[in-house]
Amino acid sequence: MLRLLRPPADAQRREWWWLACVGLLAGLLLAAGLWLERERIAAREQALLAQQAAVLHDNLGEQLEAINNALGNLVAEVQKGASSLDERQRLTTRMRNFADAMPTVRNFMLLDQRGRVLAATAEDILGRDLGEREYFQTALHSTRQDALVVGRPFYGMLNGWVIVLGRSVPGPDGGFAGLLAAALDVQHFQTLLQSVRYAPDMRVSLSHGDGLRVMALGADNEPEGVNLAQPGTLFTRHGDSGQAASVLQGMPQPGYPPYLMALRTVQPQLLHMNKPLVVAAGRSLHEVLADWRLQAWRFALVYLLVGVVASAGLRLMHRRQNEARAQAQRLEAGQRGQREMLHRLVENLPGLLYQYQLEPDGRSHFPYASPGVADIYGHTPEQLQADAAPVFARIHPADLQPGMADIEQSARTLTDWKSEYRVILPGRGERWLSGQARPQRLDGGAVLWHGYIHDITEAKQQALQLQDTERVLQHLMNEMPIGLCMVDARHRIYFRNRRFLQDFGHAEAAAPTLHEWSLQAYPDPAYRQQVGSVWKDAVAQARAGDGQIPLRDYRINAHDGTQRVVAIGGLVFGEHFLATFQDHTERQAQSEFLHRLAYLDGLTELANRRQFDQALQAEWRRCRRSSTPLAVLLLDVDYFKQYNDLYGHPAGDACLQAVAGVLQAGLSRASDLVARYGGEEFVCLLPECSADGALQKARALCRAVQALGLPHAGSGVAEVVTISIGVACQVPGADGSPEALLQQADAQLYRAKTAGRNRALAADPEPAGA
């Protein structure tokens, strides 16, 4: 085995050995580069899918929390009394207000302890017996009265999937006294699922915790209502993992091609849901890696073509060398024969055996030239016996002066003359010759050379072709998609590819050795010492192991002064090593971009609820430190459910975008924030704004929205789209909280809607600490 790692003694075998080593190294580098690129693409796609699944999870979780809060408020109202007709009518009115504020809720209803419908926003189900329904039986036998019951989805009479959410109504004795339920229209989640699709082949779905899929986007010709809880599916593997979030690769359903899919279990802990919902975002692995496969095939084809050309060139060169060697051996055998045989061999020897004499006065001639001189120079031996000038007339003009200088040097020092040069022969064109001779000084001061000259045109052409092949391999390494450099045993950097120079600079003139390069790449001495120690240990472990230097991230200063995050690894071979450089700076920038997307609402491009919650906490603390007021405006588009039913969901989305534009334009201060709170609800945060100023601003926003003039035939207050606003203002203190301030705004919004909508109402401002 060790013999295979040492170059063979035979020259031709050694050349094949080196070609194989170069080809193997190039193949390993190519395979490593392609594999690293594949892993980078897969990792980027996993992060992106996980981010989109997180957006779905957070949005659905917020909506479930809102519905649970609404059910909780209604349960509390039922406990106060719902036995009389007036009480039930008030309860029905309250349920309708909640239904108007929540587009995803199709119907609210109250069931007694036997399952009979006592009150509902849909009058056609009053008095119906729903006691045998699965969600009612689940609530009836539940041990937790504060649990949110999630019923099994069913296909409703209005041609759409429905999921019933319910909260138990405790009786005076603490037992089960009924169920308050909300029927969710799954179709309303289509806009949310569509908003996270960033590729045509992307698959987004919503499923019940038991595996029943109720919505799927991006899956052509697939029916809803498919049971995903089958052995080996991604849904089953996600459930078996016990994790709330997972990114898996496999079949979404039996018989499907592999997918890369991120799944999230939607089951907020505070809701005590008996069954979760599961959202999934995925892409076909075939489509994710399509560009990478095309690139791999291209590189593989170039690699194979270069290998074939290099092998053919080397084989042809060896054939010529073997032919020349055989001829030389025949010549040597002939010299051991008789003089006649020697003369006959000389007569027929390819090339030229000669004696060349240079006189002290500069004249020169060929005392002896074999018949091969005619093939070499196109002259007879007799023509050159008196004067060598005809030979020098054949030499290529570019090689004549260097050739004369070599002859003078050999004559002066009596060292062997060796040269490769070109001649131009009539009818044959340019030919390459190789000659060598040993000088001898004569008694009269002349110098006599004994030598041999032969035609090496074909061998020279093969050598040039081999050089071209080496340049192709050099180009292949130079064009690799990752940075490469090679370092010898003295730490001299003897190769830098284009990507290395492009990304990190520091050419050979500026940094010929690894030490000088590190001084520029790691200007901080402490960090440079740390990197040097880690790298030295990694190289030592690679030499003791399989030769692979594992990838590790480092902070590198590029030649333009920018700092980049680079993963550096490599391969050790002998006393040399190859270092690979992968720039991860863009990946970090992409991660920051995705982080930004998580804080914006996809429809209106306003801040989403997550960003608002964080801003509310921060502004509360800041205003508390400065003892300045903080105002919150909570607003709702009036009769928006009727708008959607009358004009359709696309028009509803356009309406929300128009309202968002008005709100954004109406808040001119840099510290003000407007966010989409959920559905058709918006919220405005006004730091350092008094109660009067906040109310005036709210009324101005009401007028601005009405001035849009968006037609609304289903509105009960105007012929155009209007809004209702609840205003709350407080100087933050130790006894207050941001949540309480938001609840005050919600209460004022309820007052504004109860008072007839299309208005802004505010409570009296509370003093600091109140």
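Position labels on residues start from 1 in each chain and follow its written sequence. In view of the model being predicted, local features appear only for residues whose pLDDT reaches at least 70, and side-chain atom pairs are presented and counted only at 80 or more, with totals across whole chains, interfaces and linings using the full set of residues. Each side-chain value is worked out from all heavy atoms of the structure, with water and hydrogens disregarded.

Let us look at the overall build of the protein chain. When helices and strands are tallied, the protein chain shows 22 helices and 26 strands. Throughout, the radius of gyration refers to the C-alpha atoms, and the reference size of a globule is 2.2 Å times the residue count to the power 0.38. Over its C-alpha trace the protein chain gives a radius of gyration of 43 Å, far above what one expects of a compact globule, namely 27 Å for 770 residues. Counted over contacts in the protein chain with a minimum sequence separation of 6, partners at least 24 positions apart contribute 54%. Per-residue and other accessible areas were derived by the Shrake-Rupley procedure at a 1.4 Å probe size, with only the shown protein chains allowed to occlude residues. Accessible surface computed for the protein chain: about 38800 Å², of which carbon and sulfur atoms make up 53%. For the purpose of charge, His is not counted, nor are the chain termini; Lys and Arg are scored as positive and Asp and Glu as negative. A charged residue contributes its charge at one atom only: NZ of Lys, CZ of Arg, CG of Asp or CD of Glu. If the 77 positive side-chain charges of the protein chain are averaged to one point and the 82 negative ones to another, these points end up 3 Å apart. A run of H or I in DSSP becomes a helix once it reaches four residues, and a run of E becomes a strand once it reaches two; helices and strands are each numbered from the N terminus. Whether two residues are in contact is decided by their heavy atoms: any pair within 4.5 Å suffices.

By this rule, a helix spans an expected 1.5 Å times one less than how many residues it contains. For helix α2 (residues 85-101), built from 17 residues, the straight-helix expectation of 24 Å at 1.5 Å per residue is met to within 8% by its first-to-last C-alpha distance of 24 Å. Among the residues of α2, Leu91, Thr92, Arg94, Met95, Phe98, Ala99, Asp100 and Ala101 are the ones counted as buried. Relative accessibility under 20% of the residue-type maximum defines a buried residue, over 50% an exposed one, and the middle range a partly exposed one, all with a 1.4 Å probe and only protein chains included.

This part is about the packing of aromatic side chains. The relative placement of two aromatic rings is captured by the distance of their centres and the angle of their planes. Between rings of Phe, Tyr and Trp, where Trp is taken as its six-membered ring, a pair exists when centres lie within 6.5 Å; planes separated by under 30 degrees are stacked, by over 60 edge-to-face, and by other angles tilted. Evaluation of the coordinates by the stated rule reveals 18 aromatic pairs. A centroid spacing of 4.9 Å and a plane angle of 85° characterise the contact between Trp17 and Trp18, whose relative ring orientation is edge-to-face. Here the aromatic rings of Tyr356 and Phe392 are separated by 6.3 Å at their centres, their planes lie at 70°, and the arrangement is edge-to-face. Placement of Tyr356 in strand β12 (residues 352-358) and of Phe392 in helix α11 (residues 389-394) is noted, with a sequence separation of 36 residues between them. Taking relative accessible area as the criterion, Tyr356 reaches 7% and is therefore assigned buried.

So, about unusual backbone geometry. One non-glycine residue, Tyr639, lies in positive phi territory at about 50°. Positionally, Tyr639 belongs in the loop between β22 (630-637) and α19 (640-647). Located in the positive-phi region is Arg757, a residue other than glycine, with phi close to 65°. Assignment of secondary structure puts Arg757 in the loop between α22 (738-754) and β26 (760-762).

What follows covers the side chain of Asp399. With respect to the helices and strands, the residue Asp399 is situated in helix α12 (residues 397-413). Within polar-contact distance, the side chain of Asp399 engages the backbone nitrogen of Arg422 at 3.0 Å. Contacts of Asp399, omitting those with residues within four sequence positions, involve Tyr421 and Arg422. Two N or O atoms count as a polar contact when they lie within 3.5 Å, although within protein this holds only if one can serve as hydrogen donor and the other as acceptor, and sequence-adjacent residues are included solely when both atoms are side-chain atoms.

Before going further, it helps to examine the packing of helix α18 (residues 609-626) against α22. Axis angles are defined between N-to-C directions and span 0 to 180 degrees, where every axis is a line fitted to C-alpha atoms and, for a helix, only to the segment in contact. Interaxial distance between α18 and α22 falls to 10 Å at its minimum, and their mutual angle equals 115°. Classified by the angle between their axes, α18 and α22 sit roughly perpendicular to one another. For α18 against α22, the interelement crossing comes out right-handed. Residue-level inspection shows Phe612, Leu616, Gln617 and Trp620 of α18 in contact with α22, the latter providing Pro738, Glu739, Leu741 and Leu742. When residue character is reported, Ala, Val, Leu, Ile, Met, Phe, Trp, Tyr, Cys and Pro are called nonpolar, Asp, Glu, Lys and Arg charged, and the others, Gly included, polar. In the contact of α18 with α22, the residues fall into six nonpolar, one polar and one charged. By the definition adopted for this analysis, an angle is roughly parallel if under 35 degrees, roughly antiparallel if over 145, roughly perpendicular if from 65 to 115, and oblique otherwise. The sense of a crossing depends on the near helix, which, turned anticlockwise from the far helix by less than a right angle, makes the crossing left-handed and, turned clockwise, makes it right-handed.

Following the sequence through the fold, Ala9 ends up in the segment before α1 (11-80). Residue Ala9 is classed as exposed on the basis of its relative accessible area of 75%. For Ala9 and Met215, which are 206 residues apart along the polypeptide, the C-alpha to C-alpha distance reads 71 Å.

The next subject is the state of the cysteines. Here, the term disulfide refers to a pair of cysteine sulfur atoms separated by no more than 2.5 Å. Inspection of the entire model under this criterion finds zero disulfides. Cysteine Cys623 shares no disulfide, and the gap to the nearest cysteine sulfur, in Cys729, comes to 9.1 Å. Not engaged in a disulfide, the cysteine Cys684 finds its nearest cysteine sulfur in Cys702; these two sulfurs lie 10 Å apart. Judged by relative accessible area, which is 0%, Cys684 ranks as buried.

Think of a nonpolar core as a cluster: buried Ala, Val, Leu, Ile, Met, Phe, Trp, Tyr and Cys residues, connected wherever their side-chain atoms sit within 4.5 Å. Residues Phe108, Leu110, Leu165, Leu180 and Leu206 are the most contacted members of the largest nonpolar core, which totals 72 residues. With 16 residues, α1 is the largest single contributor of residues to this core. If we skip the residues at most four places from it in the chain, Leu180 touches Leu71, Leu74, Val75, Val78, Met95, Met109, Leu110, Leu165, Gly166, Arg167 and Val169. By size, the runner-up hydrophobic cluster in this structure holds 33 residues, among which are Leu686, Cys689, Val705 and Val727.

What follows deals with the sheet that holds strand β24 (residues 681-687). Strand pairing follows a simple DSSP-based rule, namely that at least 2 bridges must link the two strands. With mixed pairing, five strands are arranged side by side in an open sheet as β23-β24-β22-β25-β26. In this open sheet, the two strands that pair with only one neighbour each are β23 (673-678) and β26. Sheet twist, expressed as the average angle between the axes of neighbouring strands with direction ignored, equals 20°. Note: β22 against strand β25 (residues 723-730), eight bridges, orientation antiparallel. Residue pairing across strands places Leu630 opposite Gln730, the latter belonging to β25. Across the sheet, α18 touches β22, β23, β24 and β25, and the angle it forms with β24 is around 25°. Docked against the sheet, α22 engages β22, β23, β24, β25 and β26, running at close to 145° with respect to β25.

Between helix α20 (residues 649-666) and helix α21 (residues 691-707), whose axes approach to 10 Å, the crossing angle comes to 140°. Classified by the angle their axes make, α20 and α21 are oblique. Here α20 and α21 pass one another in a crossing that is right-handed. Residues Val659, Val662, Leu663 and Gly666 of α20 form the contact with α21, whose own contacting residues are Lys697, Leu701, Ala704 and Val705.

Where side chains of opposite charge bring their charged atoms close, a pairing between them can arise. By definition here, a salt bridge exists when the distance from a side-chain nitrogen of Lys or Arg to a carboxyl oxygen of Asp or Glu is within 4 Å. Throughout the structure, instances matching the rule amount to 33 salt bridges. One salt bridge connects Arg38 with Glu39, and the closest N-O pair in it is separated by 3.8 Å. Classification of Glu39 by relative accessible area gives partly exposed; the value is 34%. With a closest N to O distance of 3.2 Å, Arg492 and Asp488 form a salt bridge.

Burial analysis of β25 places eight of its eight residues in the buried class, which makes it a mostly covered element. Burial of the side chains of β25 extends over both faces: Ile723, Ile725, Val727 and Cys729 are buried on one face and Ser724, Gly726, Ala728 and Gln730 on the other. Handedness of the crossover joining β25 and β26 through α22: left-handed. Think of it like this: strands point away, you trace from the first strand over the helix to the second, and a clockwise trace means the crossover is right-handed.

Across a regular strand the side chains alternate sides, sitting on one face of the sheet and then on the other. Within strand β17 (residues 483-487), five of the five residues are buried, which leaves it mostly tucked inside the rest of the structure. Alternating residues of β17 divide into Gly483, Cys485 and Val487 and Leu484 and Met486, and every residue in both groups is buried. Here β17 pairs with strand β21 (residues 576-583) via five bridges, running antiparallel. Within β21, the position partnered with Leu484 by the bridge is Thr580. As judged from the three bridges shared by β17 and strand β18 (residues 493-496), these two strands associate in the antiparallel manner. Looking at the pairing, Met486 lines up with Phe495 of β18. Taken together, β17 and the strand that follows it, β18, pair antiparallel across an intervening segment of five residues, in which His491 is found at a positive phi of about 65°.

Next up on the list: the sheet that holds β17. The five strands are arranged β18-β17-β21-β20-β19 in an open sheet whose pairing can be described as antiparallel. A strand with exactly one partner marks an edge of an open sheet, and here the two such strands are β18 and β19 (548-557). Going from strand to strand, the sheet's axes swing by 25° on average, the running direction of each strand aside. Helix-sheet contacts for helix α15 (residues 514-521) involve β18, β19 and β21, and the interaxial angle to β19 is about 45°. Across the sheet, helix α16 (residues 525-544) is in contact with β19, β20 (563-573) and β21; its angle to β19 comes to roughly 165°.

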